[in-house]
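As a plain string of letters, each chain reads:
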Amino acid sequence: MIELQDLSCQFGESRAVDRINLTINTGELCVLVGRSGCGKSTTLRLINRLIPRSSGQIRIDDQDVEQFDARQLRLGMGYAIQGTGLFPHWTVARNIAMVPRLLGWSRQRIDTRIRELLELFDLDPATAARYPHQLSGGQAQRVGVARSLAADPPILLMDEPFGALDAITREALQNEMLRIQSTLRKTVVFVTHDIDEALKLGDRIAVMDQGQILQHDTPSTLLREPASEFVDRLFGTGDRGLKLASLYPVSTVMTPTKDAVSTSMTTIPHDESVRQALSLMVWHDTHALTVMDDRREPIGVVRWDQLAGGDRNA
Ligand SMILES: Nc1ncnc2c1ncn2[C@@H]1O[C@H](COP(=O)(O)OP(=O)(O)OP(=O)(O)O)[C@@H](O)[C@H]1O
Ligand SMILES: [Mg+2]
């Protein structure tokens, strides 16, 4: 668990982080959002002690981080730096291997891990021997994120990790992130400017402005009950209903049925969102869809007039 208590960071006259309180439970993914310069990156750097705090406390599993050796502390945290932060004179392989080497992993274990990560991030194995300046922006960013995961740390600090990626690669990595969360349950602090990404990945989202946290809530609560006009504007513009509908799987609104269901209707996988159901109905000009399970067996029906429900507690 990460706890920030009355945490501040002062640069000269200005406070980049201004008395914030934030608790991120073990296994939780917390997203930080807010305008440029509001203190998101500074908050991450305070957590791994790359910069000193001016006042307040940072506790990890009930221990003040000042009590840890700074180097040991950072070895236990993956840090994907905003804008990649790769070492320019090191190859991709050496960049990825940075923390495992410091931890004394064997050559073989490191090589296996590098191969695994390149594959996971859809990078050609030959990329390993290249230098950062020989990569595209999106490739470099993926190497930066791969490096943060290399030693499988329990805590991940990710600063706009998918910002430079095309929509297809970004969606694939977001889904990979969700998979990692459902299996390995890391404690993650994730910065993004993409509100849909925040809603998709965040267990809870902290909205920052001018160094302060305005609201820290679940995606659903932020959309339904924004605590201020600023939060409302950040999340609400135009398609609030569609954003909400993207949070719930269609299985939460369907009518389950044990009897045979007509498969002549358009079908939708049970874990797709209500938003996707809406889209399919509009596209196929239909008022009902058959919901399919993972084995592609029909398990229920969802109708147009059920779509507004959704899981209100999700
Ligand atoms: N080392 C530093 N010295 C002085 N001021 C700094 C330093 N680092 C950050 N700042 C200032 O602190 C404020 C917060 O910066 P920070 O990098 O945390 O913003 P951010 O929310 O990550 O913004 P962005 O979305 O643009 O990345 C900014 O006004 C920035 O100029
Ligand atoms: Mg930043």
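What counts, and where the lines are drawn
- Residues numbered from 1 in each chain as written.
- Chains lettered and ligands numbered in written order.
- Predicted model: local features only at pLDDT ≥ 70, side-chain atom pairs only at ≥ 80, totals over all residues.
- Heavy atoms only, no water.
- Salt bridge = Lys/Arg side-chain N within 4 Å of Asp/Glu carboxyl O.
- Helix = DSSP H or I, 4+ residues; strand = E, 2+ residues; numbered from the N terminus.
- Buried < 20%, exposed > 50% of the residue type's maximum accessible area, 1.4 Å probe, protein only.
- Donors = N, O, S within 2.8 Å, 3.2 Å for Na, K, Ca; no water.
- Pairing = 2+ DSSP bridges.
- Domains from an automatic or database assignment.
- 1 Å grid on protein atoms, 1.4 Å probe; cavity = no way out; pocket = protein on both sides within 12 Å on 5 of 7 lines; lining within 4 Å.
- Points joined across faces, edges and corners; volume = space filled by probe spheres on them.
- Contact = heavy atoms within 4.5 Å.
- Core = buried A, V, L, I, M, F, W, Y, C linked by side-chain atoms within 4.5 Å.

For the rest of this paragraph, the subject is the pattern of salt bridges. For the structure on display, the rule yields 14 salt bridges. Salt-bridge contacts for Glu-28 lead to Arg-204; the nearest nitrogen and oxygen are separated by 2.6 Å. You can see Glu-28 sitting in the loop between strand 2 (14-24) and strand 3 (29-33) and its partner Arg-204 sitting in strand 9 (residues 204-209), a full 176 residues away along the chain. A relative accessible area of 9% places Glu-28 in the buried class. Residue Asp-232 pairs with Arg-240 through a salt bridge whose shortest N-O separation is 2.7 Å. The partly exposed category is assigned to Arg-240, whose relative accessible area is 26%.

Glancing now at the coordination of the magnesium ion (ligand 2). All of the protein donors around the magnesium ion (ligand 2) are Ser-41 (OG) and Gln-82 (OE1); their distances to the metal are 2.0 to 2.2 Å. In this pair, Ser-41 is assigned in helix 1 (residues 40-47) and Gln-82 in the loop between strand 6 (77-80) and helix 3 (92-96), connecting sequence segments 41 residues apart. Taking relative accessible area as the criterion, Ser-41 reaches 13% and is therefore assigned buried. The class of Gln-82 is partly exposed, set by a relative accessible area of 39%.

Across seven bridges, the pairing between strand 1 (residues 2-11) and strand 2 is antiparallel. Within strand 2, the position partnered with Phe-11 by the bridge is Ser-14. In this antiparallel pair of consecutive strands, strand 1 and strand 2, the connection spans two residues, and Gly-12 shows a positive phi of 60°.

Interfaces are often sized by the amount of accessible area the parts lose when they come together. Partitioning the protein chain into domains gives domain 1 (2-240) and domain 2 (248-306). A straight line from the C-alpha centre of domain 1 to that of domain 2 covers 35 Å.

All right, on to the layout of surface pockets then. There is about 1100 Å³ of room inside the largest pocket. In terms of lining, the largest pocket is formed by 31 residues, of which the most central are Leu-178, Leu-199, Lys-200, Leu-201 and Ser-246. Of all elements in the fold, only helix 7 (167-184), helix 8 (195-201), helix 9 (219-224) and helix 12 (274-284) reach the threshold of two or more residues within the lining of the largest pocket. Considering every element that reaches the lining of the largest pocket, the biggest residue donor is helix 7, with eight residues.

Looking at the element boundaries, Thr-127 is found in the loop between helix 5 (107-120) and helix 6 (137-149). You can call Thr-127 buried: its relative accessible area is 4%. Those residues in contact with Thr-127 that sit more than four places away from it in its chain are Val-92 and Leu-135.

This part takes up the nonpolar core. Counting 62 residues, the largest nonpolar core has Ile-96, Phe-235 and Val-302 as the members making the most contacts within it. It is helix 6 that provides the largest number of residues to this core, a total of five residues. Two domains each provide a minimum of three residues to this core, namely domain 1 (2-240) and domain 2 (248-306). Not counting chain neighbours up to four residues away, the residues in contact with Val-302 comprise Val-250, Val-253, Met-254, Met-281, His-287, Ala-288, Leu-289, Val-291 and Leu-307.

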